[in-house]
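Breakdown of the fold
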Amino acid sequence: MNTAVLRTEARLLAREPGSLFWILVFPPLLLAILGAVPAFREPQDGLDGLRVIDTYVPVAVLVGMIVAGVQSMPTGLTGYREQGILRRMSTTPVRPSALLSAQMLVHALAAALSALLALAVGRLAYDVPLPRQPYGYLLALVLAVLVALALGSVIAAVSRTVKIAGAVGTAVFFPMLFCAGVWLPVQAMPDVLADVVGLTPFGAAAQALNEATAGDWPGWTHLGVMAGWTVVLSVAAARWFRWE
Amino acid sequence: MSVIEVTDLRKSYGGRSVVDGVSFTVDEGEIFGILGPNGAGKTTTVECVEGLRVPDAGRVRVTGLDPVAEHDKVAHVLGAQLQEGRLQEKLTVREALQLYASFHPHPADWRPLAERLGLADRLDARFGKLSGGQKQRLFIALALVGNPRIVVLDELTTGLDPRARRDTWQLIEEVRDSGVTVLLVTHFMEEAQRLCDRIAVIDKGRVAALDTPAGLIRRSAGATVITFTPSAPLDEGELSALPALASVRHRDGRVTLAGSDETVNAVITLLARHRITAHQLRVSDATLDDAFLDLTETTS
């Protein structure tokens with residue numbers, strides 16, 4: 001890891017208003033808007049006494065991660081390859097891998113910041129309690145970030161151009177949002193659907209975050225599903241990635 | 001003393017041979033040109049020198065180092081400007097220079113470098129906002145910011161307007177005068193003739209000729225060009241029988257002969273014998289352009 005490259009990439013991400021909005025502003029904004037609906041601030045029997053706004057805090061946390069990992073990072077990396085920026089880096093003593101790891105770290109940090117903002121908005125604006133099992137929550141968050149980055153790396157690996165990366169990213173984006181519970185929080189899903197969604201990276205992430213929020217240690221199955229996907233996707237990305 | 005040695009370099013892609021036994025050495029302090037038609041294998045050859053590609057066979061040494069096995073050491077002594085390749089659109093000139101300087105243990109001071117390359121007033125401009133000439137100058141600056149002993153410039157002036165091209169040529173001469181060896185890849189004859197101390201003409205993956213620009217012109221078959229408009233038609237048989245003749249061309253009543261000094265004398269005798277006047281008679285030395293066409297044709 002080259003710190004000068006990392007600083008540069010952080011600066012460059014800060015110059016992308018589109019990425020910044022969707023990663024950092026949109027998830028808390030989504031929460032704020034949902035919370036403005038009075039009915040969503042009433043406890044629901046179907047949600048085991050939780051309010052809709054309670055169930056949407058983990059969803060907002062995951063939305064920022066999915067945007068960072070699946071939309072923003074792959075187009076960035078593919079662009080770097082397409083425009084010969086990786087190649088130029090190969091002529092310096094700093095290898096192009098420094099650029100890749102910097103992109104990943106910068107997006108991981110942005111996703112983490114987005115998660116903090118979502119938790120803060122939930123807590124301050126709508127009195128959503130902070131996770132009662134913070135260590136379990138943190139572990140689930142870290143695994144979710146890793147799996148988002150691994151998925152994004154696969155997209156960057158299989159996409160030859162920025163256009164393709166954008167299209168593949170969008171095609172992956174919506175199913176991932178669904179699994180994370182954007183349309184229907186996992187608590188409200190029928191059991192069979194929740195079980196199926198639990199096998200996907202962000203379905204497992206949503207359930208792990210919910211468990212940690214409620215004060216339990218997240219289920220090993222959920223953590224295992226995320227770790228498993230991370231390993232499989234990372235191996236695939238490393239295998240398929242082309243430097244030029 | 002040679003700083004680059006390439007010996008019997010070979011590289012093929014998918015069974016198609018692109019570089020087929022190229023050898024040359026570049027001496028310290030010279031501007032060495034690699035000249036050739038598109039697809040001749042020029043870029044692949046310098047990419048092997050830069051360590052971007054692994055040769056199939058042959059030996060490449062840069063200041064005695066292997067560009068693949070000792071990539072990082074070579075990256076400190078060799079700066080490269082690539083034929084294609086951009087920077088991040090929103091990276092400013094200053095940030096790019098600082099970043100690339102940070103990669104090297106003993107970088108050049110980037111401020112005077114930017115000054116010298118005419119970028120001093122564009123330091124806060126983003127890469128995407130630079131003109132074509134400014135982008136090229138920035139790439140030269142990035143290639144030089146590590147204080148390399150050798151700089152490789154690949155198709156540097158392609159796409160530049162004539163003024164920017166001339167400015168860039170002057171810059172390359174200044175770079176050489178500061179003690180840096182320059183390996184220049186080009187398909188512009190004028191550029192190679194003006195700048196290069198020696199030129200390797202590469203055609204179909206092989207070195208077709210290696211000499212000084214003047215030497216290349218001298219050794220080509222049609223080193224002297226004679227053009228005139230004859231007052232009466234000339235006998236084609238007698239024309240083609242001229243000694244040391246390399247080529248004959250007719251266009252709009254004008255005859256162009258390429259040959260040697262011997263051909264000049266013979267054609268004057270021939271014209272006198274038939275009492276034909278040669279209007280607008282011009283005798284000139286061939287350009288590198290002519291020599292190049294001659295050299296790359298004979299190898300095909």
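Since we're looking at a predicted model, the values are computed, not measured.

Quick look at the interface of chain B and chain A
In this complex, chain B contributes 26 residues to the contact, which on the side of chain A involves 25 residues. By the criterion of area lost to chain A, the three top residues of chain B are Gln88(B), Lys90(B) and Phe103(B), representing 26% of everything that side buries. On inspection of chain B and its partner chain A, the count reaches 5 salt bridges. For Lys90(B), the salt bridge goes to Glu16(A), with nearest N and O atoms at 3.4 Å.

Examining the nonpolar core
One finds Val61(A), Leu62(A), Phe202(A), Met226(A), Leu97(B), Leu138(B) and Leu288(B) to be the most contacted residues of the largest nonpolar core, which totals 136 residues. The greatest single-element share of this core, amounting to 17 residues, is contributed by helix H3 (residues 52-82) of chain A. Here this core spans two domains, since at least three of its residues come from each of domain 1 (2-211) and domain 2 (218-298) of chain B. Once residues within four sequence positions are removed from consideration, Leu62(A) is found in contact with Ala144(A), Ala180(A), Phe202(A), Ala205(A), Ala206(A) and Leu209(A). Membership of the second largest hydrophobic core comes to 28 residues, among which are Ile4(B), Val18(B), Val19(B) and Val185(B).

Concerning the domain arrangement of chain B
Residue and element names in this part refer to chain B. We note that the domain assignment places domain 1 (2-211) and domain 2 (218-298) within chain B. In this structure, domain 1 and domain 2 have C-alpha centres spaced 39 Å apart. In this assembly, 13 residues from domain 1 lie in contact with 7 residues from domain 2. Counting the surface lost from both domain 1 and domain 2, the interface buries some 850 Å², and carbon and sulfur atoms represent 70% of this. Between domain 1 and domain 2 we count 0 salt bridges in total. Between domain 1 and domain 2 we count 1 residue pair in polar contact (both at pLDDT 80 or more) in total. Looking at the side of domain 1 that touches domain 2, the elements with two or more residues in it are helix H7 (189-195), strand S8 (198-203) and strand S9 (206-211). Tallying contributions element by element places S9 first for the side of domain 1 that touches domain 2, with 4 residues. When grouped by side-chain class, the residues that make up the side of domain 1 that touches domain 2 number 9 nonpolar, 2 polar and 2 charged.

Cut-off values and rules
Residues numbered from 1 in each chain as written. Chains lettered and ligands numbered in written order. Predicted model: local features only at pLDDT ≥ 70, side-chain atom pairs only at ≥ 80, totals over all residues. Heavy atoms only, no water. Contact = heavy atoms within 4.5 Å. Buried area = accessible area lost by both parts, 1.4 Å probe. Salt bridge = Lys/Arg side-chain N within 4 Å of Asp/Glu carboxyl O. Core = buried A, V, L, I, M, F, W, Y, C linked by side-chain atoms within 4.5 Å. Buried < 20%, exposed > 50% of the residue type's maximum accessible area, 1.4 Å probe, protein only. Helix = DSSP H or I, 4+ residues; strand = E, 2+ residues; numbered from the N terminus. Domains from an automatic or database assignment. Polar contact = N/O pair within 3.5 Å; in protein donor to acceptor, adjacent residues only side chain to side chain. Nonpolar A, V, L, I, M, F, W, Y, C, P; charged D, E, K, R; others polar.

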